[in-house]
Amino acid sequence: KIQLISSLFFSLIAIIIGFSVITIYLYRDFEARKRELAILVALGAKRKQILFSFTLPMYILASLGIFMGCVVGFYVVIPYYHIFVYGYTRLFVLEAYIKAFITTTLLLSVTILLVTFMLHKRIKKIKAMEMLRAGI
């Protein structure tokens, strides 16, 4: 029971930090590129193309992060955590790792979809000529 509670605690911390990093990354990238985006909109770029330019790197980084995070977590962090707490190394059954990977992937995918939706709403509000006149 204690092991499950500690795993839940570590998972919640990872989720909060991961969501915060994704949100901050996108917000800072969006704010830094506002003038560029206004010029692209003024030149006729579609809003979907602009959204794709933000989301493609995010999807690639998230996919690599999920894979590397699960491998490191499953085969480095969890075994050493067991050594520290219980005094022996324990690897779980492959089925547990697959379920954890699927759960992590689904949760991060939902998070990315929410962030993409919020970014889509921000991009819809871009008024190219107003932004260019204001001299952002």
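Above this text sits the structure in question.
Please read all numbers here as calculations on a predicted model, not as lab measurements. (Residues numbered from 1 in each chain as written. Predicted model: local features only at pLDDT ≥ 70, side-chain atom pairs only at ≥ 80, totals over all residues. Heavy atoms only, no water.)

Draft legend 1. Looking closely at the overall build of the protein chain. Counting its secondary structure elements, the protein chain contains five helices and zero strands. The helix and strand sequence of the protein chain, counted from the amino end, reads α-α-α-α-α. A total of 136 residues make up the protein chain; the buried ones form 23% of that total. The contacts in the protein chain between residues at least 6 apart in sequence include a share of 74% that link residues at least 24 apart. Element-wise, carbon and sulfur atoms account for 74% of the exposed surface of the protein chain, whose accessible area totals about 9,800 Å². (Helix = DSSP H or I, 4+ residues; strand = E, 2+ residues; numbered from the N terminus. Buried < 20%, exposed > 50% of the residue type's maximum accessible area, 1.4 Å probe, protein only. Contact = heavy atoms within 4.5 Å. Areas by Shrake-Rupley, 256 points an atom, 1.4 Å probe, with all protein chains shown as cover.)

Draft legend 2. Representation of the packing of helix α2 (residues 34–43) against helix α3 (residues 47–86). Put simply, α2 and α3 touch, their axes get as near as 10 Å, and they point 150° apart. Between α2 and α3, the angle falls in the class roughly antiparallel. Handedness of the α2/α3 crossing: right-handed. In contact with Leu37, Leu40 and Val41 of α2, α3 contributes Arg47, Ile50 and Phe54. (Axes fitted to C-alpha atoms, helices over the stretch in contact; angles between N-to-C directions. Parallel < 35°, antiparallel > 145°, perpendicular 65-115°, else oblique. Left-handed = near helix turned anticlockwise from the far one by under 90°.)

Draft legend 3. Inspection of the side chain of Thr116 at higher detail. Tracing the backbone through its elements, the reader meets Thr116 in helix α4 (residues 94–124). Taking the relative accessible area as the measure of exposure, Thr116 reaches 11% and is therefore buried. A polar atom in the side chain of Thr116 sits 3.4 Å from the side chain of Tyr59. If sequence neighbours within four positions are ignored, Thr116 has contacts with Leu51, Thr55, Met58 and Tyr59. (Polar contact = N/O pair within 3.5 Å; in protein donor to acceptor, adjacent residues only side chain to side chain.)

Draft legend 4. Examining α4 more closely. The terminal C-alpha atoms of α4 lie 44 Å apart, and with 31 residues this matches the ideal 45 Å at 1.5 Å per residue to within 8%. Among the residues making up α4, those that are buried are Tyr97, Thr111, Ile112, Val115, Thr116, Leu119 and Ile123. (Expected span 1.5 Å × (residues − 1).)

Draft legend 5. Up close: the packing of α3 against α4. Contact geometry for α3 and α4: axes closest at 10 Å, N-to-C directions at 160°. Considering the angle they form, α3 stands roughly antiparallel to α4. Crossing of α3 over α4 shows right-handed handedness. Where α3 approaches α4, its residues Arg47, Ile50, Leu51, Phe54, Thr55, Met58, Tyr59, Ala62, Ile66, Cys70, Phe74 and Tyr75 are matched on the opposing element by Tyr97, Ala100, Phe101, Thr105, Leu108, Ile112, Val115, Thr116, Leu119, His120, Ile123 and Lys124.

Draft legend 6. Here's a closer look at the nonpolar core. Counting residues in hydrophobic clusters, the biggest one holds 15 residues, and the most contacted among them are Leu26, Phe30, Phe54, Leu119 and Ile123. Contributions of two or more residues to this core are made by α1 (2–32), α2, α3 and α4. In terms of residue count, α3 provides more of this core than any other element does, five residues in total. Not counting the four nearest positions on each side in its chain, Leu26 is found in contact with Phe54, Met58, Val115 and Leu119. (Core = buried A, V, L, I, M, F, W, Y, C linked by side-chain atoms within 4.5 Å.)

Draft legend 7. Main features of α2. Those residues of α2 that sit buried are Leu37, Ala38 and Val41. Buried residues of α2, seen end-on, are gathered within an arc of 100° and therefore sit on one face of the element. Gly44 sits one or two positions beyond α2 and adopts a positive phi of about 110°. (Arc of directions from axis to C-beta.)

Without other data, these values stay purely geometric and don't point to any function.
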